[in-house]
Amino acid sequence: MELAVQQTPSAQIIALRGRLDTLTAPSYEARALALIDDGATRIVLDLAGLTYISSAGLRSLIVTAKALQQQGGVLLLASLTGNVRDVFEMAGLDAIFKTYDSVATALDAA
Amino acid sequence: MTTQRLELPAETAALPRALAFVVAAAEGAGLAAEARGRLELAVEEVFVNLCTHAYPVDAPGWVEISTHHADDRLTIEIRDGGIPFDGTRAPTPDLTRPLATRPVGGLGWVLVRRLVDALDYRRVDDGNLLRLTMRLPGQPRR
């Protein structure tokens, strides 16, 4: 997994590429929670480059979304594609996350 | 029937080898990319679960994965020597709860049950045997 953080005036954008699974989810979670500790309240996850997600990855999304919600913030998911979207819906996460077609539309909402 | 076997330590560090073995069998059996992805994810969930729960923390055990390619299906058998556990009967968390009260875990077995075409558990010889089956695309008639 590759992770890149970009700061914009309204949100932090975290771009994830590759696999968010048992072996990589802890490093995403640690990085996102550190941003929240530093005061981030709006995080957009750019998932355009994500090719694989397992329950460990889904768990890390829920953990970071809960942490943001407790600070009055929100986690916005952009550009879910293919099997990542399929798994996301299979696990019922579409009921608790807002998803956006692109980072730009997520930022408009933020 | 073509059968291959791989024995691994029941440790998450061995996950990439487990997945590579199963993906190679799926490619060899002609499983389409989408179904291969579903099978790979199901195997990750089962493998990680048993690495975490099947054996005592201070006494890690083994996992044996075998692949069985028949005309119309690919079956993956995953055996371990750990405590009895039937994931096919693991409870499904309430997927309608809002974020604030949604449990963070428990999704692995929800996925496994939805990803594969058939799932079967047996307790055999003091071990667990889980069988994941994927249907193969139709063969042309001769």
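Everything discussed here concerns the structure shown above.
Rules of the game
- Residues numbered from 1 in each chain as written.
- Chains lettered and ligands numbered in written order.
- Predicted model: local features only at pLDDT ≥ 70, side-chain atom pairs only at ≥ 80, totals over all residues.
- Heavy atoms only, no water.
- Contact = heavy atoms within 4.5 Å.
- Buried area = accessible area lost by both parts, 1.4 Å probe.
- Salt bridge = Lys/Arg side-chain N within 4 Å of Asp/Glu carboxyl O.
- Polar contact = N/O pair within 3.5 Å; in protein donor to acceptor, adjacent residues only side chain to side chain.
- Nonpolar A, V, L, I, M, F, W, Y, C, P; charged D, E, K, R; others polar.
- Helix = DSSP H or I, 4+ residues; strand = E, 2+ residues; numbered from the N terminus.
- Buried < 20%, exposed > 50% of the residue type's maximum accessible area, 1.4 Å probe, protein only.
- Pairing = 2+ DSSP bridges.
- Phe/Tyr/Trp six-rings, centres within 6.5 Å; stacked < 30°, edge-to-face > 60°.
- Lys NZ or Arg CZ within 6 Å of the ring centre and 35° of its normal.

### Regarding the interface of chain B and chain A
Thinking step 1. Listed per partner, the contact involves 24 residues of chain B and 22 residues of chain A.
Thinking step 2. Of the roughly 2000 Å² buried between chain B and chain A, counting both surfaces, carbon and sulfur atoms make up 64%.
Thinking step 3. Three residues stand out in chain B for area buried against chain A, namely Leu99(B), Arg102(B) and Val104(B), and they jointly supply 34% of the buried area on that side.
Thinking step 4. The interface formed by chain B and chain A contains 1 salt bridge.
Thinking step 5. A salt bridge links Arg19(A) to Glu40(B), with the nearest nitrogen and oxygen atoms 2.9 Å apart.
Thinking step 6. At the surface where chain B touches chain A, the tally comes to 10 residue pairs in polar contact (both at pLDDT 80 or more).
Thinking step 7. Considered class by class, the residues forming the side of chain B that touches chain A number 15 nonpolar, 3 polar and 6 charged.

### As for the pattern of salt bridges
Residues and elements named next belong to chain B.
Thinking step 1. This structure, assessed with the given rule, holds 14 salt bridges over all chains.
Thinking step 2. Two residues, Glu64 and Arg79, come together in a salt bridge whose shortest N-O distance is 3.7 Å. Placement of the pair is Glu64 in strand β2 (residues 62–69) and Arg79 in strand β3 (residues 73–80), with a sequence separation of 15 residues.
Thinking step 3. Glu64 gets classed as buried once you look at its relative accessible area, which sits at 17%.
Thinking step 4. Taking the shortest distance from any N to any O, the salt bridge between Arg79 and Glu77 comes out at 3.9 Å.
Thinking step 5. When its relative accessible area of 26% is taken as the criterion, Arg79 is described as partly exposed.

### Some remarks on the pairing of strand β2 (residues 12–20) of chain A
All names here are of chain A.
Thinking step 1. Relative to β2, strand β1 (residues 2–7) is paired through 6 bridges, and the arrangement is antiparallel. Within the sheet, the bridge partner assigned to Glu2 lies in β2 and is Arg17.
Thinking step 2. Two successive antiparallel strands, β1 and β2, enclose a turn made up of 4 residues.

### With respect to the packing of aromatic side chains
Aromatic ring pairs are reported here in terms of the distance separating the ring centres and the angle at which the planes meet.
Thinking step 1. In total, this model carries 2 aromatic pairs over all chains according to the counting rule given.
Thinking step 2. Taken together, a centroid distance of 5.8 Å and an interplanar angle of 50° make the contact between Phe88(A) and Phe97(A) tilted.
Thinking step 3. On the basis of an interplanar angle of 55° and a centroid distance of 5.9 Å, the ring pair of Phe85(B) and Trp109(B) is categorised as tilted. Of this pair, Phe85(B) sits in the loop between β3 and α3 (108–115) while Trp109(B) is found in helix α3, placing the two residues 24 residues apart along the sequence.
Thinking step 4. Judged by relative accessible area, which is 11%, Trp109(B) ranks as buried.
Thinking step 5. Sitting above the plane of the Tyr52(A) ring, Arg19(A) keeps its charged end 3.8 Å from the centroid.

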